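# Commentary on secondary and tertiary structure
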Amino acid sequence: FANTFTYKFYASADKVITAALATAYQKDPSIVGKTILSTRQAYTGPDYFLASGGTFEEEKNMTNDVGLSVFTPNWVIPTADKRKIPALVADPSDLFDSSNNYKLPASFPNEPSLINIFPAFKKFSGKMYAQSNQNWLGDIPIIRLGEVYLIAAEAAILASNDVLKASNYVNVIRKRAAITSREAEMLATPAEMNVAYILKERGRELAGEHTRWIDLKRTGNLTTAYFQQTNPIIAPNFDPKKHTVRPIPQYFLDAITNASEFGNNGY
């Protein structure tokens with residue numbers, strides 16, 4: 001979990017916990033008056049990362065998390081303990097109900113809405129990944145071997161419904177991702193193989209690599225019904241007349257004399 005997500009976020013300025021904050025986030029009164037210390041100071045890393053004179057969070061006040069401002073663990077912390085932590089805490093019990101559905105504010109009016117507070121994906125993050133410092137300085141992958149295996153698996157299904165070949169391709173990836181002693185638990189079976197399964201596997205393997213929109217569109221899943229099932233938070237905002245196409249680049253419209261004929265695709 002810690003290798004995949006950032007789940008501790010640090011303050012960029014000193015923040016005193018007021019009674020109003022404690023009440024709003026259902027904190028224990030004992031933490032009122034405590035200060036979350038700033039972790040910002042001059043960056044000390046390689047010169048290529050940031051020009052001289054710049055500052056970053058996560059450079060000081062890290063001992064005992066005295067600069068911790070937001071904490072998003074993947075384990076549940078007892079409510080009484082959570083109330084005494086001098087930081088905003090959003091664990092799975094704050095985000096999901098007993099049926100593992102997102103806690104929508106209307107259904108939980110007596111709880112702080114933490115629906116937008118969650119671990120940050122750091123697949124392509126730099127040395128530091130704080131709330132105001134999200135930098136990636138490496139290459140941007142266009143295609144990589146993991147995706148090639150998934151393309152081959154999908155092709156095996158679409159070409160001849162060869163589910164055995166498809167599962168063999170998928171399992172190369174799943175073995176690589178598994179804990180060494182638990183590889184057998186990760187293996188997919190031929191009976192599971194279909195395009196829907198491959199779509200889910202692409203979502204896991206290629207998360208954050210900017211392939212999801214086109215994957216959903218080409219498989220006919222860029223629909224309200226699909227989002228209602230898989231991501232009900234965004235489903236009400238999905239507009240099939242708009243979001244099934246990409247916006248026309250403004251630089252293109254600015255460069256032609258008949259831009260009005262193209263319109264703006266609703267964007």
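First things first, this report covers the structure right here in the doc. (Residues numbered from 1 in each chain as written. Predicted model: local features only at pLDDT ≥ 70, side-chain atom pairs only at ≥ 80, totals over all residues. Heavy atoms only, no water.)

## Concerning the overall build of the protein
Helix and strand counts for the protein come out as 11 helices and 11 strands. A burial count over the protein gives 30% of its 267 residues as buried. Within the protein, contacts between residues at least 6 apart in sequence are counted, and of these 50% link residues at least 24 apart. Here the protein has roughly 16,500 Å² of accessible surface; of this, 55% comes from carbon and sulfur atoms. (Helix = DSSP H or I, 4+ residues; strand = E, 2+ residues; numbered from the N terminus. Buried < 20%, exposed > 50% of the residue type's maximum accessible area, 1.4 Å probe, protein only. Contact = heavy atoms within 4.5 Å. Areas by Shrake-Rupley, 256 points an atom, 1.4 Å probe, with all protein chains shown as cover.)

## Things to note about the packing of aromatic side chains
Counting across every chain of the model gives 11 aromatic pairs. Between the aromatic rings of Phe5 and Phe121, the centroid separation amounts to 5.8 Å while the plane-to-plane angle is 45°, which identifies the pairing as tilted. A residue pair is termed long-range when its members are at least 10 positions apart, and Phe5 in strand β1 (residues 5-6) and Phe121 in strand β9 (residues 120-121) qualify at 116 residues. Given the relative accessible area of 27%, Phe5 is considered partly exposed. Taking the relative accessible area as the measure of exposure, Phe121 reaches 32% and is therefore partly exposed. Following the ring pairs from residue to residue traces out a cluster consisting of Phe1, Phe5, Tyr7, Phe71, Trp75 and Phe121. In this structure, Arg204 is placed above the aromatic ring of Tyr197, and the distance from its NZ or CZ to the ring centre is 5.9 Å. Above the ring of Tyr267, the side-chain terminus of Lys242 is found at 5.0 Å from the ring centroid. (Phe/Tyr/Trp six-rings, centres within 6.5 Å; stacked < 30°, edge-to-face > 60°. Lys NZ or Arg CZ within 6 Å of the ring centre and 35° of its normal.)

## Some points on the side chain of Asp94
Here Asp94 shows up in helix α3 (residues 92-95). The class for Asp94 is buried, based on a relative accessible area of 17%. Here Lys82 takes part through its side chain, which lies 3.0 Å from a polar atom of the side chain of Asp94. Asp94 has contacts with Lys82, Val89, Lys103 and Leu114, leaving out every residue within four places of it along the chain. (Polar contact = N/O pair within 3.5 Å; in protein donor to acceptor, adjacent residues only side chain to side chain.)

## Some thoughts on the nonpolar core
Across soluble globular proteins, nonpolar side chains show a tendency to be buried alongside one another. Grouped together as the largest cluster of nonpolar side chains are 11 residues: Leu150, Ala153, Ala156, Ile157, Ala166, Val170, Ile173, Ala188, Met193, Tyr197 and Ile198. Those elements that place two or more of their residues in this core are α4 (145-160), α5 (163-177) and α7 (195-205). Ranked by residues supplied to this core, first place goes to α4 with four residues. Other than its neighbours up to four places away in sequence, Ile198 contacts Leu150, Ala153, Glu154, Ile157, Val170 and Met193. Among the nonpolar cores identified, the runner-up in size contains eight residues, and Trp213, Tyr226, Phe227 and Phe238 belong to it. (Core = buried A, V, L, I, M, F, W, Y, C linked by side-chain atoms within 4.5 Å.)

## A look at α4
Across its 16 residues, α4 extends 23 Å between first and last C-alpha, which sits within 8% of the 22 Å expected from 1.5 Å per residue. Residues Gly146, Glu147, Leu150, Ala153, Glu154, Ala156 and Ile157 constitute the buried set of α4. If you follow the buried residues of α4, they end up packed against α5, α7 and α8 (212-218). Looking at the residues trailing α4, positive phi occurs at Asn161, about 55°. (Expected span 1.5 Å × (residues − 1).)

## Notes on the packing of α4 against α5
Contact geometry for α4 and α5: axes closest at 8 Å, N-to-C directions at 165°. As summarised for this structure, α4 and α5 are arranged roughly antiparallel, according to the angle between their axes. Taken as a pair, α4 and α5 cross one another with a handedness that is left-handed. On α5, the residues that touch Gly146, Tyr149, Leu150, Ala152, Ala153, Ala156 and Ile157 of α4 are Lys165, Ala166, Tyr169, Val170, Val172 and Ile173. Among the residues forming the contact of α4 with α5, the class breakdown is 11 nonpolar, one polar and one charged. (Axes fitted to C-alpha atoms, helices over the stretch in contact; angles between N-to-C directions. Parallel < 35°, antiparallel > 145°, perpendicular 65-115°, else oblique. Left-handed = near helix turned anticlockwise from the far one by under 90°. Nonpolar A, V, L, I, M, F, W, Y, C, P; charged D, E, K, R; others polar.)

## A closer look at the environment of Thr35
Looking at the secondary structure, you find Thr35 in strand β4 (residues 35-36). Given a relative accessible area of 37%, Thr35 falls into the partly exposed group. Measuring from C-alpha to C-alpha, the distance between Thr35 and Asp14 comes to 6.5 Å, with 21 residues separating the pair along the chain. The contacts of Thr35, once residues within four sequence positions are left out, are Asp14, Lys15, Val16 and Val66.

## Considerations on the pattern of salt bridges
According to the stated counting rule, one finds 14 salt bridges in the structure shown. Between Lys8 and Asp65 there is a salt bridge, with its nearest N and O atoms 2.9 Å apart. Residue Lys8 is found in strand β2 (residues 8-10), and its partner Asp65 is found in the loop between β6 (55-56) and β7 (68-71); the two are separated by 57 residues along the sequence. In this structure Lys8 comes out as partly exposed when scored by relative accessible area, which is 27%. Note that Arg202 and Glu147 form a salt bridge whose closest N and O atoms lie 2.9 Å from each other. Taken together, the residues span a long stretch of sequence, with Arg202 in helix α7 and Glu147 in helix α4 at a distance of 55 residues. Owing to a relative accessible area of 4%, Arg202 belongs among the buried residues under this scheme. (Salt bridge = Lys/Arg side-chain N within 4 Å of Asp/Glu carboxyl O.)

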